[in-house]
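# Structure at a glance
One-letter residues, chain by chain:
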Amino acid sequence: MKKTVKIVSMALLLVAVMVMLVSCSSFKKIKGNFEDAGYALVENNDEANTITAELEEGNISCTAHLFQKKGDLLTYNALVLEFKSDEDLNKALSESETLKGLVKDLQDSELVNGNCLLVPLSLLKAEEMIEIFNK
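Everything in this summary refers to the structure shown in the same document.

Rules and cut-offs
- Residues numbered from 1 in each chain as written.
- Predicted model: local features only at pLDDT ≥ 70, side-chain atom pairs only at ≥ 80, totals over all residues.
- Heavy atoms only, no water.
- Pairing = 2+ DSSP bridges.
- Helix = DSSP H or I, 4+ residues; strand = E, 2+ residues; numbered from the N terminus.
- Contact = heavy atoms within 4.5 Å.
- Axes fitted to C-alpha atoms, helices over the stretch in contact; angles between N-to-C directions.
- Core = buried A, V, L, I, M, F, W, Y, C linked by side-chain atoms within 4.5 Å.
- Buried < 20%, exposed > 50% of the residue type's maximum accessible area, 1.4 Å probe, protein only.

Attention now moves to the pairing of strand S2 (residues 62-70). Pairing of strand S1 (residues 40-42) with S2 involves 3 bridges; the strand directions are antiparallel. Residue pairing for S2: Ala40 is matched across the bridge by Gln68. Direction of pairing for S2 relative to strand S3 (residues 75-83): antiparallel, over a ladder of 9 bridges. Among the inter-strand pairings, Thr63 is bridged to a residue of S3, identified as Glu82. Here S2 folds back onto S3 in antiparallel fashion, the turn holding 4 residues.

Set out below in structure tokens:
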């Protein structure tokens, strides 16, 4: 009987750990990828805050992260929107006219990675940003 209880307890613990790992945000890996490519995370950006405010009006919680890379003449910007869950991301894509214009097909989009959405703000480096985002 004691062995059965131990086995069941271990199985439940394993399931709980797996659920926690699956529900983790994709942002940590994305942040590392951008930083490895020479981008710096910029805090408290007005453009990022504007998009976040629009989503919060629809009761969607979102954190906006702006990455910048300074070139010789230009500064390249990539905005990553981190949602609490995949469901919040799907809700935002269905309700926000701004986001609907960016992502036509959620399933085939390279702009979606887990619970994060990429908004490449610099068209010259958009392909590079998408590649970094999806590593």
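Further notes follow.
Take the sheet that holds strand S5 (residues 116-120) next. As summarised here, the arrangement of the 5 strands in space is S1-S2-S3-S5-S4, forming an open sheet in which the pairing is antiparallel. Only two strands of the sheet have a single neighbouring strand rather than two, namely S1 and strand S4 (112-113). Helix H2 (residues 27-36) contacts S1, S2, S3, S4 and S5 of the sheet and is inclined by roughly 170 degrees relative to S3. Where helix H6 (residues 126-133) meets the sheet, its contacts fall on S2, S3, S4 and S5, and the angle it forms with S5 comes to roughly 165 degrees.

Moving on, we get to the nonpolar core. Core analysis: the biggest nonpolar cluster contains 30 residues, and Phe34, Val80, Leu81, Phe83, Leu117 and Leu118 have the highest contact counts within it. Where this core is concerned, the elements lending two or more residues are H2, helix H3 (46-57), S2, S3, helix H4 (86-95), S5 and H6. It is S3 that contributes the most residues to this core, 6 residues altogether.

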